[in-house]
Amino acid sequence: MENATRLHCRPSVGAPAPNPKRRSSTRCRAASTLACALCGFVLIQALTSAVVDSIVPDLRDSEYSRKIAYLQARRRESPGRPLLIFLGSSRTAYGVAADEALTDRDAPLAYNFGILAGGPIYEMLYFHRLLAEGIRPQWLVLEIHPGFLHVAANLMLAHRPAIERRDFSDMCALHGYVDHPWQDWLAWLRYRAAFSFQLRAELMRRIAPHWASAPAIPDWTALDKTTPSGWVPAPGPRPDAALRKQRAQWGCEAFGASYRDFEVSDRTNRALRDILETCRRERIEVSLLLMPESAEMRDASATLAQREVRCYLAALSDEYGAPIIDATDWCASEDFADGQHLLPEAGPRLARRLGREVLADWIATAPPAGQPSQTRLMAGRPRETKQR
């Protein structure tokens, strides 16, 4: 029994000894396979990024892509007409039915490029996108949203466009407008490192919609109802008085942090001046627009902040020759869905009044680009006057 055990434990005479070179070769093949897989993954993400940014940018920023497509179509329909663009926040997007502003056949083509939740940094980014597309308006109506002049933490999305909406050019343009630019770049690179995965739901919806098991998410912003002139009729039915006042109060609370201890933040000031300097350089006539808001939105802190706002706008107007269009009290409270966003029936009325009382004279008598305007206030009157 002992001999049998010894025979069993004795190694076979013909068994080959382990080969260190073969083991090393196997490891090299595994490492090279892994490296090829990683390179292939990176290549797929880079190709996806290139295709999305250059061919199908609506996968990245559907709001911008929809508006730019409509604008290009309108320009092809009227190739000889000069262009007037309204650039602003959701107050402009929902509030100005641009095709009602200038209706004469020989008048400029008016287009609404309002951006939902867009403050001055959004406006700067989108304005430079338009110029990069070869779209150069002759007139620019630039909305100034008082609540976005001061950078408040609870409204940061209005000052910092979401990572997923940016391309490389956007990242370069925004480098000086974020708190930690290199962390911002790192977050963007992480997002782009798995770009095809991030876009999987939208890609599936477009390529194979019958594969999607979850129902489509309704567009509560109503961007799918954007008109060819860029105007977005505000979503939802007309609220009753109680609901409207409640929504307006929510708006006051949201902007309260911006209006308390108000001052114009450095980054918003730089963004607005970037737009105005670009307009001066490109010889684009520009005016500054204060959009309507309801009486409920003008609480004590907002009223005090408006004094600083008006001084700031007066300085910009003097320096850049940009007249101010003060339309803050042009609409009744019943015209609003929530205190700052106009109902669909009010958008055409506001646009017609802008065209009739302001835009027609401005277009006819605007001074040469870069020259001071003779009248700082084109329309409207100081809010403090109304309250007194």
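In the block above lies the structure referred to throughout.
This is a predicted model, so every value here is computed, not measured. (Residues numbered from 1 in each chain as written. Predicted model: local features only at pLDDT ≥ 70, side-chain atom pairs only at ≥ 80, totals over all residues. Heavy atoms only, no water.)

Remarks on the overall build of the protein
Scanning the protein for helices and strands turns up 14 helices and 6 strands. Buried residues in the protein amount to 48% of all 388 residues. Sequence separation of 24 or more characterises 82% of the internal contacts of the protein that already satisfy a separation of 6 or more. If you sum the accessible surface of the protein, you get close to 20200 Å²; carbon and sulfur atoms cover 57% of it. (Helix = DSSP H or I, 4+ residues; strand = E, 2+ residues; numbered from the N terminus. Buried < 20%, exposed > 50% of the residue type's maximum accessible area, 1.4 Å probe, protein only. Contact = heavy atoms within 4.5 Å. Areas by Shrake-Rupley, 256 points an atom, 1.4 Å probe, with all protein chains shown as cover.)

A short note on the pairing of strand 4 (residues 285–290)
Of all 6 residues making up strand 4, 6 are buried, and the element is well covered by its neighbours. Both faces of strand 4 are covered, namely the face carrying Glu285, Ser287 and Leu289 and the face carrying Val286, Leu288 and Leu290. With 5 bridges joining them, strand 3 (residues 139–143) and strand 4 adopt parallel strand pairing. Among the inter-strand pairings, Trp139 is bridged to a residue of strand 4, identified as Glu285. Where strand 4 lies against strand 5 (residues 324–326), 3 bridges are found, and the strand directions are parallel. Looking at strand 5, one finds that Leu290 is bridged to Asp326. (Pairing = 2+ DSSP bridges.)

Re unusual backbone geometry
A positive phi angle, close to 50°, is found at Asp261, a residue other than glycine. With respect to the secondary-structure elements, Asp261 resides in the loop between helix 10 (241–259) and helix 11 (266–282). Among the residues examined, Asp261 registers a relative accessible area of 74% and is labelled exposed. Of note, Arg283 is a non-glycine position whose phi angle comes to about 60°, a positive value. As for its placement among the helices and strands, Arg283 is situated in the loop between helix 11 and strand 4.

Details of the pattern of salt bridges
Evaluated as defined, the whole model comprises 18 salt bridges. Asp335 is the partner of Arg349 in a salt bridge, and the nearest nitrogen-oxygen pair spans 2.6 Å. Taken together, the positions of Arg349 in helix 13 (residues 346–365) and Asp335 in the loop between strand 5 and helix 13 put the pair 14 residues apart, joining distant regions of the chain. Residue classification places Arg349 among the partly exposed positions, given a relative accessible area of 39%. Here the salt bridges share partners, and the residues they tie into one network are Asp61, Glu63, Arg129, Arg165 and Asp170. (Salt bridge = Lys/Arg side-chain N within 4 Å of Asp/Glu carboxyl O.)

Details of the side chain of Asp61
The topology assignment puts Asp61 in the loop between helix 2 (20–54) and helix 3 (62–77). When its relative accessible area of 3% is taken as the criterion, Asp61 is described as buried. Side chain to side chain, Asp61 and Arg165 meet in a polar contact 3.1 Å long. In this view, Asp61 contacts Tyr126, Arg129 and Arg165; residues no more than four positions away in its chain are not counted. (Polar contact = N/O pair within 3.5 Å; in protein donor to acceptor, adjacent residues only side chain to side chain.)

A short note on the packing of aromatic side chains
Within the structure shown, the criterion is met by 10 aromatic pairs. Aromatic side chains Tyr64 and Phe113 sit 5.8 Å apart centroid to centroid with 55° between the ring planes, which places their arrangement in the tilted category. With Tyr64 in helix 3 and Phe113 in strand 2 (residues 109–114), this pair connects stretches of sequence that are 49 residues apart. In terms of burial, Tyr64 and Phe113 fall into one category: buried. (Phe/Tyr/Trp six-rings, centres within 6.5 Å; stacked < 30°, edge-to-face > 60°.)

Remarks on the nonpolar core
Core analysis: the largest hydrophobic core is formed by 50 residues, its most contacted members being Leu71, Ile85, Leu87, Phe113, Leu140, Leu288 and Leu313. Excluding its chain neighbours within four sequence positions, the residues that come into contact with Leu87 are Phe113, Ile115, Glu123, Tyr126, Phe127, Leu140, Val141, Leu142 and Glu143. Leu84, Phe86, Leu102 and Ile325 belong to the second largest nonpolar core, which has 27 residues in total. (Core = buried A, V, L, I, M, F, W, Y, C linked by side-chain atoms within 4.5 Å.)

Describing the packing of helix 5 (residues 120–132) against helix 11
Where helix 5 meets helix 11, the closest approach of the two axes is 8 Å, and the angle between their N-to-C directions is 30°. Between helix 5 and helix 11, the crossing angle belongs to the class labelled roughly parallel. The element helix 5 and its partner helix 11 pack so that their crossing is left-handed. Side by side, helix 5 and helix 11 meet where Pro120, Ile121, Glu123, Met124, Phe127, His128 and Leu131 of the first sit next to Arg267, Thr268, Ala271, Leu272, Asp274, Ile275, Thr278 and Cys279 of the second. Its residues assigned to classes, the contact of helix 5 with helix 11 shows 9 nonpolar, 3 polar and 3 charged. (Axes fitted to C-alpha atoms, helices over the stretch in contact; angles between N-to-C directions. Parallel < 35°, antiparallel > 145°, perpendicular 65-115°, else oblique. Left-handed = near helix turned anticlockwise from the far one by under 90°. Nonpolar A, V, L, I, M, F, W, Y, C, P; charged D, E, K, R; others polar.)

Quick look at the environment of Ala97
Its place among the elements puts Ala97 in the loop between helix 4 (90–95) and strand 2. In this structure, the C-alpha to C-alpha distance between Ala97 and Gly347, residues 250 residues apart in sequence, is 5.2 Å. Look past the residues within four positions of Ala97 in its chain and what remains in contact with it is Trp231, Gly347, Pro348 and Ala351.

Describing the side chain of Arg244
Here Arg244 shows up in helix 10. The buried category is assigned to Arg244, whose relative accessible area is 6%. When neighbours within four sequence positions are excluded, Arg244 is seen to be in contact with Pro239, Glu296, Ser333, Glu334, Phe336, Ala337 and Asp338.

Remarks on the pairing of strand 1 (residues 83–88)
Within strand 1, 6 of the 6 residues are buried, which leaves it mostly tucked inside the rest of the structure. Here strand 1 shows a buried face lined by Leu83, Ile85 and Leu87 and a second buried face lined by Leu84, Phe86 and Gly88. In this fold, strand 1 hands off to helix 4, which returns the chain to strand 2; that crossover is right-handed. Strand direction decides the pairing type here: strand 1 and strand 3, joined by 4 bridges, are parallel. Within the sheet, the bridge partner assigned to Phe86 lies in strand 3 and is Val141. (Right-handed = clockwise from strand over helix to strand, strands pointing away.)

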